[in-house]
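So the chains spell out like this:
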Amino acid sequence: MLWEALGSAVLGFALSWAAVRRLPDRLPASRLVLVTGPLGALFGAYLTHFALGSGHIAATLGGAVLVAAVVLSLLIRPTGRAPFSVPSGG
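Residues numbered from 1 in each chain as written. Predicted model: local features only at pLDDT ≥ 70, side-chain atom pairs only at ≥ 80, totals over all residues. Heavy atoms only, no water.

A closer look at the overall build of the protein chain
- Along the protein chain, the regular secondary structure elements total three helices and zero strands.
- Here the C-alpha atoms of the protein chain give a radius of gyration of 17 Å, more than 25% beyond the 12 Å that 2.2 N^0.38 yields for 90 residues.
- With respect to the principal axes defined by its C-alpha atoms, the protein chain has extents near 60 × 35 × 15 Å.
- Within the protein chain, the fraction of its 90 residues that count as buried is 24%.
- Relative to all contacts within the protein chain whose residues are 6 or more apart in sequence, the contacts with residues 24 or more apart total 69%. (Helix = DSSP H or I, 4+ residues; strand = E, 2+ residues; numbered from the N terminus. Rg over C-alpha atoms; globule rule 2.2 N^0.38 Å. Buried < 20%, exposed > 50% of the residue type's maximum accessible area, 1.4 Å probe, protein only. Contact = heavy atoms within 4.5 Å.)

Written as structure tokens, this is what we have:
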């Protein structure tokens, strides 16, 4: 379990670092993003380990990366274009 937690934290940090480098103008402060990635990955590893049990290291790390990516995607702000508006029907 220790290696799964350490590996998932490292993968979450790598994912958040890549997001900060790739989308710096669409994310909030880099400190927030660099903390959110590993925390999301640790939560994903916990969920996956709880669901599958021990002995599934690759699946646990995959679940950690998946949850970290989802959590990081929630931080992305939309681009500068106008929001979609629905015409009012009369």
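Additional details are given in the paragraphs that follow.
Let's talk about helix α3 (residues 57-73)
- The end-to-end C-alpha separation of α3 is 24 Å, in line with the 24 Å expected for 17 residues at 1.5 Å each.
- What α3 keeps buried is the set Thr60, Gly63, Ala64, Ala68 and Leu72. Down the axis of α3, the smallest arc covering the buried residues is 165°, so these residues share one side. Away from its buried face by more than 90 degrees, α3 exposes Ala58 and Leu66.
- Packing partners of the buried residues in α3 comprise α1 (2-22) and α2 (30-52). (Expected span 1.5 Å × (residues − 1). Arc of directions from axis to C-beta.)

Observations regarding the packing of aromatic side chains
- One pass over the full model with this rule turns up one aromatic pair.
- Between Tyr46 and Phe50, the ring centres sit 6.2 Å apart and the planes meet at 25°, which makes this aromatic pair stacked. Residue Tyr46 and its partner Phe50 are located together in helix α2, separated by four residues, close to a single helical turn. (Phe/Tyr/Trp six-rings, centres within 6.5 Å; stacked < 30°, edge-to-face > 60°.)

A look at the environment of Ala51
- Inspection of the secondary structure assignment puts Ala51 in helix α2.
- Spatially, the C-alpha atoms of Ala51 and Leu23 are 33 Å apart, while their sequence positions differ by 28 residues.

Shape descriptors only; they carry no functional weight alone.
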